[in-house]
Every structure is written in structure tokens, then in C-alpha cells.
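Next come the chains, spelled out residue by residue.
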Amino acid sequence: SAGGYIEVDGKVIREKYIPIADVQYIVDYMEKNEISYCLESPAGAFVCKRTKAYFRKLIERKIAKYPDKKKEIEEGLQVFIDQMIDDAEMIRSDINKVTFYDSAITFEGLQEAFEDRFVLLPNSMQVGENSSGELMLKGVHKASGIEAVLAYLNIDKKESFAFGDGLNDMEMLQ
């Protein structure tokens with residue numbers, strides 16, 4: 001997830017996790033401010049109940065906008081929702097990235113709350129008027145993950161290429 005956890009041929013070559021005290025801080029902040037969130041881990045996508053509800057509303061809005069695509073929208077997004085885990089312990093030691101959705105707190109306000117501990121990026125696929133984005137460990141991103149893979153495979157960076165579509169791809173594309 002964003003360079004924090006990497007497997008090559010079934011072997012884990014990189015594990016960079018958010019310290020558990022910081023996971024607690026994030027969960028407490030998100031819960032206190034009623035922000036939908038997803039804790040990303042190699043074990044799955046751990047979400048609060050609001051996150052599933054948020055995505056169900058998203059499906060309804062898309063269907064209202066594109067009623068002729070109802071089946072495709074439902075099937076495509078429902079698979080994503082079905083993979084979310086909302087009935088497990090949220091304070092975990094294997095979290096490497098946090099995605100948040102539909103925050104009434106401005107992006108700038110969120111930066112104030114988290115910037116001393118994390119890199120905060122706006123979501124590349126903004127939905128609605130409220131803030132959405134990602135919290136990542138400083139220094140852990142797709143570029144550092146790719147560098148780890150290249151080193152492990154003994155491949156020169158000049159022999160590789162990358163492509164992306166969002167702000168979380170910036171370091172990788174430089």
C-alpha cells in the first residue's frame with residue numbers, strides 16, 4: 001500500500017507500518033470528528049461503519065445520475081464494499097496507510113491535525129464537496145517502494161518505468 005508493504009514472489013521485502021500509538025490517534029480523531037476512514041493493511045481494508053454507508057450513498061448518487069448503468073455501478077462498487085472489514089479491531093500494528101472520505105473539516109484543518117506525523121494528500125478521485133484524502137508515513141511512498149523492489153531484483157532504475165494519475169504518484173514519477 002503506497003510502498004509500505006511489498007511482496008515479491010511471495011516473499012515480504014518491505015514492511016513499514018504506522019506506529020500503533022499513531023493508529024490510535026488517527027482512529028480517535030476520525031471517530032471524534034465523524035470522518036469516514038479506511039485503515040489499509042496487508043490483511044485487508046479495515047473501515048468504520050460510516051465508510052460502508054458513504055460508499056452505499058455514492059452508489060445511489062451514481063445510479064441517480066446514470067440510471068441506465070445501474071447494474072454495472074452496483075456490481076462494480078459492491079465488490080469494493082464487500083471487501084471492506086467493519087467488524088474487527090481497528091487499533092492494529094499492521095496499518096501502512098489511511099484513506100479518509102467525506103470530512104467536514106477542511107483539508108487545511110486536517111493538515112494541522114496530522115502534518116507533524118504524516119504526509120497528507122488530497123484524494124485523486126474527489127467525490128462530493130467535503131475533504132477526502134490519504135495519510136501516509138513520511139518517506140514511505142510508491143517511489144520508495146519501487147526503489148526497494150528494484151534493489152531486491154538488482155535492476156537499475158534506468159531499466160524501469162512508472163505511470164500514475166494522482167498526487168500520491170508524484171515521487172514515483174520524478
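Given the structure is predicted, the values throughout are model-derived calculations rather than measurements.

Enquirer: Any chance you could explain the nonpolar core here in plain terms?
Expert: As a rule of thumb, soluble globular proteins bury nonpolar side chains together. Core analysis: the largest hydrophobic core is formed by 23 residues, its most contacted members being Tyr37, Leu39, Phe100, Phe114 and Leu135. Of all the elements in the fold, those that place two or more residues in this core are helix H1 (20–32), strand E3 (36–41), strand E6 (97–103), helix H4 (107–114), strand E7 (118–122) and strand E8 (131–137). Examining the composition of this core, we find that five residues originate from one element, H1, more than from any other. Excluding anything up to four places from it in sequence, Leu39 contacts Val23, Val27, Gly44, Ala45, Phe46, Met90, Ile95, Lys97 and Val98. Ranked by size, the runner-up nonpolar core spans eleven residues in total, among them Tyr54, Leu58, Met84 and Tyr101.

Enquirer: I'm lost on the environment of Ala88 in this one. Help?
Expert: By secondary structure assignment, the location of Ala88 is in the loop between strand E5 (84–85) and E6. Judged by its relative accessible area of 31%, Ala88 falls in the partly exposed class. Spatially, the C-alpha atoms of Ala88 and Phe46 are 7.3 Å apart, while their sequence positions differ by 42 residues.

Enquirer: What is the right way to look at H4 in this model?
Expert: Structurally, the α-helix is built with 3.6 residues per turn, so residues lying three or four positions apart point the same way. Turning to H4, its buried residues are Phe107, Leu110, Ala113 and Phe114. Down the axis, H4 shows its buried residues gathered within 115 degrees of arc, on one side only. Opposite its buried face, H4 presents the exposed residues Glu108 and Glu112, each directed more than 90 degrees away. On its buried side, H4 packs onto H1, E6, E7 and E8.

About the thresholds
- Residues numbered from 1 in each chain as written.
- Predicted model: local features only at pLDDT ≥ 70, side-chain atom pairs only at ≥ 80, totals over all residues.
- Heavy atoms only, no water.
- Core = buried A, V, L, I, M, F, W, Y, C linked by side-chain atoms within 4.5 Å.
- Buried < 20%, exposed > 50% of the residue type's maximum accessible area, 1.4 Å probe, protein only.
- Helix = DSSP H or I, 4+ residues; strand = E, 2+ residues; numbered from the N terminus.
- Contact = heavy atoms within 4.5 Å.
- Arc of directions from axis to C-beta.

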